[in-house]
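Here is what each chain is made of, one letter per residue.
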Amino acid sequence: HGQIQKDAPWQALCAATGKSADDVSTYLRALLEPIASHDTDYYNEDAQLGGAINDAVTMAGRVASWPKVLQALTKELNIDLPRLLTASVVKL
């Protein structure tokens with residue numbers, strides 16, 4: 001939650017969508033809930049534990065990398081972040 005309040009890309013996303021940092025945190029927690037919502041016995045099977053770890057690492061990578069990708073897009077398209085986030089169409 002603290003990172004969302006500090007980082008410019010997260011702040012721009014909140015501003016563009018009209019959502020608060022709490023809203024974004026709630027959404028991100030909801031994305032992880034299916035991965036972590038099973039009883040502990042579920043993870044005794046190697047395949048389920050490995051799958052949950054893989055899913056969590058994949059999700060964490062996506063969440064961590066998107067601000068950098070957005071900033072790269074803004075440079076490539078020569079557009080500021082708020083405009084990029086609110087544009088209805090972006091021509092690549």
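Please refer to the structure placed before this passage.
Remember, predicted model here, so these are calculated numbers, not experimental data.

**Student:** Just checking my understanding: could you explain the overall build of the protein chain for this structure?
**Tutor:** Of regular secondary structure, the protein chain possesses 5 helices and 0 strands. Taken from N to C terminus, the helices and strands of the protein chain fall in the order α-α-α-α-α. A compact globule built from 92 residues would reach a C-alpha radius of gyration of about 12 Å, whereas the protein chain, at 17 Å, exceeds it by more than 25%. For the C-alpha atoms alone, the extent of the protein chain along its principal axes is close to 50 × 25 × 20 Å. Taking all contacts inside the protein chain whose residues are at least 6 apart in sequence as the whole, residues at least 24 apart take part in 33%. For the protein chain, the exposed surface amounts to about 6700 Å²; the carbon and sulfur share of it is 54%. Across the protein chain, the 8 positively charged side chains and the 11 negatively charged ones have centroids separated by 16 Å.

**Student:** So what exactly am I meant to see when it comes to helix α4 (residues 46-77) here?
**Tutor:** Helical periodicity: at 3.6 residues per turn, an α-helix aligns residues three or four positions apart in one direction. In this model α4 runs 45 Å from its N-terminal to its C-terminal C-alpha over 32 residues, within 8% of the 46 Å that 1.5 Å per residue would give. Along α4, the helix axis deviates most sharply at Ser 65, where the bend reaches about 35°; the proline Pro 67 sits within four residues downstream. Among the residues making up α4, those that are buried are Ala 52, Met 59, Trp 66, Pro 67, Leu 70 and Thr 74. Structurally, α4 contributes buried residues whose contacts are with α2 (8-17), α3 (21-36) and α5 (81-86).

**Student:** Could you clarify how one ought to interpret a nonpolar patch on the surface in this entry?
**Tutor:** Taken together, the side chains of Leu 49, Ile 53 and Val 57 define a hydrophobic patch exposed on the protein surface, amounting to about 260 Å² of accessible area. Residue Leu 49 is classed as partly exposed on the basis of its relative accessible area, which comes to 36%.

Quick notes on the rules
Starting afresh in each chain, residues are numbered from 1 along the sequence in its written order. Restriction of local features to residues with pLDDT of at least 70 applies here, the model being predicted, together with a cutoff of 80 or more for giving and counting side-chain atom pairs; totals for whole chains, interfaces and linings are based on all residues. The side-chain values count all of the structure's non-hydrogen atoms but skip hydrogen atoms and water molecules. We count a stretch as a helix when DSSP gives it H or I for four or more residues in a row; a strand needs E for two or more, and each element gets its number in order from the N terminus. Between the two quantities, the radius of gyration covers C-alpha atoms and the globule rule is 2.2 Å times the number of residues to the power 0.38. Any pair of residues with heavy atoms lying within 4.5 Å of one another is described as a contacting pair. Here the open area of atoms and residues is found with the Shrake-Rupley method and a 1.4 Å probe, where only the protein chains shown may cover a residue. Counted as positive: Lys and Arg. Counted as negative: Asp and Glu. His and the chain ends are not counted at all. Lysine's charge is taken at NZ, arginine's at CZ, aspartate's at CG and glutamate's at CD. Each residue after the first adds 1.5 Å to the expected span of a helix. Fitting axes to the seven residues that end at a residue and to the seven that start at it, the angle between those axes gives the bend at that residue. Here the term buried applies to any residue with accessible area under 20% of the maximum for its type, exposed to any over 50%, and partly exposed to those in between, with areas from a 1.4 Å probe on protein chains only. Residues forming no salt bridge and having over 30% relative accessible area are the ones grouped into patches, like charges within 9 Å of each other and nonpolar side chains (Val, Leu, Ile, Met, Phe, Trp, Tyr) within 5 Å. Each salt bridge in this description consists of a side-chain nitrogen of Lys or Arg and a carboxyl oxygen of Asp or Glu lying within 4 Å of one another.

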